[in-house]
2 protein chains.
Amino acid sequence: MSLDPARLAPMANAVRALSMDAVQAANSGHPGMPMGMADVATVLWSKYLKFDPSAPDWADRDRFVLSAGHGSMLIYALLNLSGYARPTMEDIANFRQLGSRCAGHPENFLLDGIECTTGPLGQGLAMAVGMAMAERHLNAIYGDALVDHRTWVIAGDGCLMEGINHEAIGLAGHLKLGRLNVLWDSNNITIDGDTDLSTCEDIQARYRANGWHVVECSGHDFGEIDTALAAARDDTDRPTLVVCNTVIGKGAPNKQGTSGVHGSPLGADEIAAAREQLGWEYEPFVVPDAILADWKATGEHGKAARSQWQDRAKQYDTTGEFADRMAGKLPDGDLLAGAMEEWLSGDQKVATRKASEMVLGKLTASVPAMIGGSADLTGSNNTKTPSTGPFTADNYDGRYVYYGIREFGMAAAMNGMALHGGVIPYGGTFLIFSDYCRNAIRLAALQQTRSIFVLTHDSIGLGEDGPTHQPVEQVMSLRLIPNLNVFRPADLIETAECWLLALEHAGTPSALCLTRQNLPQVRKADLGQNMSAKGAYRLKAAQGPRKVVIVASGSEVEVALATAARLEEQGVGADVVSMPCMDLLEAQDANYKADLFPAGLLKVSIEAGSTLGWERYVGNDGITIGLDRFGASAPAEQLFEKFGFTADAIVPKIMNKLNG
Amino acid sequence: MSLDPARLAPMANAVRALSMDAVQAANSGHPGMPMGMADVATVLWSKYLKFDPSAPDWADRDRFVLSAGHGSMLIYALLNLSGYARPTMEDIANFRQLGSRCAGHPENFLLDGIECTTGPLGQGLAMAVGMAMAERHLNAIYGDALVDHRTWVIAGDGCLMEGINHEAIGLAGHLKLGRLNVLWDSNNITIDGDTDLSTCEDIQARYRANGWHVVECSGHDFGEIDTALAAARDDTDRPTLVVCNTVIGKGAPNKQGTSGVHGSPLGADEIAAAREQLGWEYEPFVVPDAILADWKATGEHGKAARSQWQDRAKQYDTTGEFADRMAGKLPDGDLLAGAMEEWLSGDQKVATRKASEMVLGKLTASVPAMIGGSADLTGSNNTKTPSTGPFTADNYDGRYVYYGIREFGMAAAMNGMALHGGVIPYGGTFLIFSDYCRNAIRLAALQQTRSIFVLTHDSIGLGEDGPTHQPVEQVMSLRLIPNLNVFRPADLIETAECWLLALEHAGTPSALCLTRQNLPQVRKADLGQNMSAKGAYRLKAAQGPRKVVIVASGSEVEVALATAARLEEQGVGADVVSMPCMDLLEAQDANYKADLFPAGLLKVSIEAGSTLGWERYVGNDGITIGLDRFGASAPAEQLFEKFGFTADAIVPKIMNKLNG
């Protein structure tokens, strides 16, 4: 498509008008960014972005990520104008209202064409890195015929100031993701005022120091923008930062270039002045047909490309393998290749991180879509398997990512990979460092991605590294995140079950909390089903007259069994309930829960972490054995004794309560 | 002190020997870093670091931060050898054992001379930035005579790869913290192997891009180290990165330079070989007197400097004002200058973020030690007051920090400021972005610092920004962190009470969760004491026959009162308990709690967030009104209605339960 400024300018002004009018109607929102980046976005969509509005899930489309998600009206305007079925103009007029698909920030689950949910700054760019990684990996496997697309990002000053930016661009530069291009809306304004209030960084030099190609343009000169985007597109050896020098709120004559246009409506007077300035004489939410036609034309080259791609797909994906992978299907059959039966009949005393490695050995052999990695704790997280060779700039077909000491960047990249599709990412760090990537775990949950977080060293059981490394509140606090399955398996069998559940829940991310220390195998009988799928189950039934139910997770199931055994010796019948996943238990019906935790019995929870929350199951007349303080540095066994996680310490508490 | 390599080498080898022997004895730990950085540390302590082992709390000492905290044996060896009372050689021999002050990672609460708790990578350096900020601020107020010291950091490759590094060095460079010097242990090794597995960054260029001075030396050539440290010391206009090129595990002939020495004991054979290589013929934990004497001499220049400083202190701190500030004392008298009485007699309908601003206006006028700031949300967090002018490179006497879009860097810097002493830092961001700085909040709690986190926009009540910005699980998950007071006040009065509590708890950080939306004043009667100090209290007593207790926090107290009023109309007596701080309630005795939540009554909790945890107070036969899903984008009032936070929705649930 030729770039005629006479046609581009009104197209860009349509974006500006929709943005300022929608924010005004909502009396809430961010007009500055969409107005400032309207010119750049218009060139990007007109000539560079490969997309087909009639097929927003086309596998080989370019990915577009609005990392500066507060400028959501930009993407809503672009999707509407270029002909996506949604958002409708009514959605836009209802921007930020209850039920509108045009939410305050772009939500991937509300609109096609929104590749990821953004707003928490820096994460859009970091997810884009994951998308670009997935693209190169699938390209290495399926070739240019099926996979050859770019990832385009619009990021603001905030995205570039966040720490995750450092992690993301370091990873992207190291992996030479040449098809990743970041358009930086450089307007020198943040919420508090000029950027020089808080930074004097030479951002271009920093990107170059990370192996990036950097080009610069005026963000309001169509020719310069075109040249810069061409340079970005043509350098496929390095990711490119396109510095777009813009005026925030461009078009609002009295307020542009100030922090006043960042996050507030322009007001009726300024909007009238902007209409005059822009020569935009149309009513709110009205775009003239001629301009609309030019916008609709932007999808034509993508439509044509898709048609050709479809022909190639018929030729190269005759088995449907690629389509199945992009659809997220798991291979048919027993993913563990018969290992479960063998393990059930055995008696493996292993750490659950080691159990996870054993399970992963089977799964990564069965499921080619799985791509593993670790934030520099490979040997501790036990995440590498014989099937997963290194994923490097020279070997994009590898399936193991050395993410470096970049927990947040890793988690966000995993989300991006999952959102891209065709791969199922899992990645490891210590559970304590879920704190470092917590908001990315949350965004996985909100976005409904199948990201699998392998979080080892899950309690004081890690021992000598001490309180900075010992999770206390992390397991319970992760359980609080909606739509996240937090697994804490008790042994090899539960670990295998939990891994299968993590794979099967395609719309829910998982956190696997695993021990450093060895655990005995507590499950030996074949119960004919995945017991962890219920979230909790009766592992041991009372023998004597039932008076107590002990519920525990992970490494404390062993303690629960020992405690129950001692109670039985004293004639007190005690059930033991293992709870590998509180979230899945919550999804069971009331009868199932009442059967596990019958009224009238003393209930006792044991977990080496926060007690708050366990009252849901044990009531406020039960006993919660846990740890509501920081841990200490010592060998694990001594810590379990010091903090009372032994039958010796627990049995008297139960007997006192029963006799009290 | 002259630097004689013939004396320095055995001094450094003493550090190496203690490190490898202690790790071996513990059969756990990290010998590689202490052995690699022993030469650099020996020069630093011999000539540059200003310290007096007999007065570890001397206000004008240099601060030394071991950001690479896993190399904890380095600091333990340095403290012992240079003559601190602790750790003793017995502590070192018991490295990582229960009760030893030589924990796996350095803990500021276990040993003098440990300025902060490190281990979570990157945060030591970021805390050091805060220390250097506090130093310049106090220098600007009290002059060179009382405050003129440096902050020295040893950081590893991991610290520099973490995202927080980007935030920390951007802030430090912008603020031109010339007395901050970071010694980078550049050994090209991480846990997973060579650094080129995961990065190819030109780190020096990145630091320069952030306004840092960069010098380089061999970390094993005493002369080069001396020259580099002198250059760092002499440039007081910019922070300096000293690139120390080292061999990890230097001295272990067969293992040095590999990831094998990073985090594992060397083994008996390699230790024997190292002894031979180093010419170290002494038993484990034995250091010859001559070497010890040289080490003891390293504190002499600091001792002398302190003696001179004490003379100056007599002259310049005659009122003891500086000493009081360094001791963390609050000014005497009513910090709110009579405002509380006025507010109690009024009827202010304000958002609690605005209430916080009103309170801060008074407090910052009364308490000069308070230094505020925000991560680029000043106008939203309402953290700036007339008393707090900008803290900038040109005006270190300012009391308001424009932290930039750097939540994690801000929180860590605040911790460093609090640890330095003389200032009481508070800083704002949105509550949702507590996720971004969560581990720094945790480290505040572990380190017992008076860091005050102002977290606004605390629920779906923020409205249109939608689920990415609406906290759901954050309030409850912060409550899980030990030794953190999480406040969620209901109105202006409780906000004032909570702010006073935050200041009074010198050993406990606070998180103030505040609304964006206006709230009515629910407290009007003067109850003669700070009711929030109890954590929860009966705000309204039942009028009719008491059947229900409704407990709520923050913005939902209004809903609780409305619900109670409707119940009373129907003849059902209902208490309303306001719970501004669950943590402080937990510290009350059983009688107090039983009085608030009597057995036999229906208990109902209302909070616009996770329900898990509330069963502690309402039992598992009570009613928990909350939000266990992500929010939505819409005006706040509509969201409260949609999600059932209205008397209309709640009263029937209570009546059904009472009649059920």
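Conventions and cut-offs
Residues numbered from 1 in each chain as written. Chains lettered and ligands numbered in written order. Predicted model: local features only at pLDDT ≥ 70, side-chain atom pairs only at ≥ 80, totals over all residues. Heavy atoms only, no water. Pairing = 2+ DSSP bridges. Helix = DSSP H or I, 4+ residues; strand = E, 2+ residues; numbered from the N terminus. Axes fitted to C-alpha atoms, helices over the stretch in contact; angles between N-to-C directions. Contact = heavy atoms within 4.5 Å. Polar contact = N/O pair within 3.5 Å; in protein donor to acceptor, adjacent residues only side chain to side chain. Domains from an automatic or database assignment. 1 Å grid on protein atoms, 1.4 Å probe; cavity = no way out; pocket = protein on both sides within 12 Å on 5 of 7 lines; lining within 4 Å. Points joined across faces, edges and corners; volume = space filled by probe spheres on them. Buried area = accessible area lost by both parts, 1.4 Å probe. Salt bridge = Lys/Arg side-chain N within 4 Å of Asp/Glu carboxyl O. Least-squares fit on C-alpha atoms with pLDDT ≥ 70 in both. Parallel < 35°, antiparallel > 145°, perpendicular 65-115°, else oblique. Nonpolar A, V, L, I, M, F, W, Y, C, P; charged D, E, K, R; others polar. Buried < 20%, exposed > 50% of the residue type's maximum accessible area, 1.4 Å probe, protein only. Right-handed = clockwise from strand over helix to strand, strands pointing away.

K.L.:
Kindly report on the sheet that holds strand E7 (residues 240-245) of chain A, identifying the contributing residues and their values.
P.N.:
Residue and element names in this part refer to chain A. Across the sheet, which stays open at both edges, the five strands sit in the order E1-E2-E3-E7-E6 with parallel pairing between neighbours. Edge positions in the open sheet fall to strand E1 (63-66) and strand E6 (213-218), since each of these has one partner strand only. Taking the axes of each pair of neighbouring strands and ignoring which way they run, one obtains an average angle of 20 degrees across the sheet. Bridge analysis of strand E3 (residues 180-186) against E7 gives six bridges, and the strand direction is parallel. By the bridge assignment, Ser 186 is partnered in E7 with Asn 245. Lying over the sheet, helix H9 (residues 222-234) contacts strand E2 (151-156), E3, E6 and E7, oriented at roughly 165 degrees with respect to E6.

K.L.:
Residue-level account of the side chain of B:Thr508, with values.
P.N.:
Residues and elements named next belong to chain B. Its location among the elements puts Thr 508 in the loop between helix H20 (492-504) and strand E14 (510-514). A distance of 2.7 Å separates a polar atom in the side chain of Thr 508 from a polar atom in the side chain of Asn 483. When residues no more than four places from it in sequence are discounted, the contact partners of Thr 508 are Thr 449, Arg 450, Asn 483, Leu 484 and Asn 485.

K.L.:
Would you mind going over the domain arrangement of chain A in detail, with residue names and values included?
P.N.:
Entries for chain A in the domain assignment read domain 1 (5-307), domain 2 (339-520) and domain 3 (534-659). Between domain 1 of chain A and domain 3 of chain A, the C-alpha centre-to-centre distance is 52 Å.

K.L.:
For empty space enclosed by the protein, give the residues involved together with the corresponding values.
P.N.:
Summed over all chains, the structure comprises eight cavities of 30 Å³ or more. The computed volume of the largest cavity comes to approximately 110 Å³. In terms of lining, the largest cavity is formed by 13 residues, of which the most central are A:Ile164, A:Glu167, A:Phe408, B:Ile164 and B:Phe408. Among the elements of the structure, helix H7 (163-174) and helix H17 (407-420) of chain A together with helix H7 (163-174) of chain B are those that each provide at least two residues to the lining of the largest cavity.

K.L.:
Describe the interface of chain A and chain B, listing the residues and the values that go with them.
P.N.:
By a widespread convention, an interface's size corresponds to the accessible area lost as its parts come together. Counting from both sides, the interface comprises 96 residues of chain A and, opposite them, 96 residues of chain B. Carbon and sulfur atoms make up 58% of the area that chain A and chain B hide from each other, which totals about 8,100 Å². Three residues, A:Tyr436, A:Arg442 and A:Leu612, lead the burial of chain A against chain B; their summed loss comes to 9% of the area buried on that side. Where chain A meets chain B, there are eight salt bridges. Between A:Arg616 and B:Glu615 there is a salt bridge; the shortest N-O distance is 2.6 Å. Taken together, the links from chain A to chain B amount to 48 residue pairs in polar contact (both at pLDDT 80 or more). Take the side of chain A that touches chain B: its biggest share by element is six residues, from helix H18 (residues 438-447) of chain A.

K.L.:
Outline the relation of the copies chain A and chain B, supporting the account with residue identities and numerical values.
P.N.:
Superposition of chain A onto chain B requires a rotation of 180 degrees combined with a translation of 0.0 Å along the rotation axis, giving an RMSD of 0.0 Å. Each copy turns onto its partner about a two-fold axis. The overlap is high: 100% of the interface residues of chain A also sit at the interface in chain B, so the same surface is used on both sides.

K.L.:
Any chance you could break down the packing of helix H1 (residues 5-26) of chain A against helix H10 (residues 268-278) of chain A for me, citing the residues and the numbers?
P.N.:
The description of two helices packed together rests on the angle between their axes and the distance between the axes. Residues and elements named next belong to chain A. Running from N to C, H1 and H10 point in directions that differ by 170 degrees, and their axes come no closer than 11 Å. Between H1 and H10, the angle is such that the two are roughly antiparallel. Contacts between H1 and H10 involve Asn 13, Arg 16, Met 20, Asp 21 and Gln 24 from the first element and Ala 268, Ile 271, Ala 274, Arg 275 and Leu 278 from the second. Here the contact of H1 with H10 is composed, by residue class, of five nonpolar, two polar and three charged.

K.L.:
Tell me about the pattern of salt bridges, and please be specific about residues and values.
P.N.:
Residues and elements named next belong to chain A. Considering all chains together, one arrives at 65 salt bridges over all chains under this definition. Asp 226 serves as the salt-bridge partner of Lys 47, at 3.1 Å between the closest nitrogen and oxygen. One end of the pair, Lys 47, is in helix H2 (residues 32-48); the other, Asp 226, is in helix H9, with 179 residues separating them in the sequence. The exposure class assigned to Lys 47 is partly exposed, which follows from its relative accessible area of 30%. Salt-bridge contacts for Arg 546 lead to Asp 575; the nearest nitrogen and oxygen are separated by 2.7 Å.

K.L.:
Report on the sheet that holds strand E13 (residues 485-487) of chain B, specifying residues and quantitative values.
P.N.:
Residue and element names in this part refer to chain B. Across the sheet, six strands lie side by side as E10-E9-E11-E12-E14-E13; this open sheet has parallel pairing. Strands at the two margins of the open sheet, each flanked by one partner only, are strand E10 (400-402) and E13. Each neighbouring strand pair of the sheet contributes to a mean axis angle of 20 degrees, computed without reference to strand direction. Here strand E9 (residues 370-374) runs beside E10; their pairing, made up of three bridges, is parallel. Pairing of Gly 373 across the sheet is with Val 401, part of E10.

K.L.:
Describe the pairing of strand E12 (residues 452-456) of chain B, listing the residues and the values that go with them.
P.N.:
All names here are of chain B. With five of five residues buried, E12 is to be regarded as a mostly interior element. Pairing geometry for strand E11 (residues 424-430) and E12, over five bridges, is parallel. Residue pairing for E12: Thr 429 is matched across the bridge by Leu 455. At this point the chain moves from E11, through helix H18 (residues 438-447), to the parallel E12, and the crossover so formed is right-handed. Relative to E14, E12 runs parallel, the two sharing five bridges. Considered in E14, the bridge of Phe 453 is made with Ala 511.

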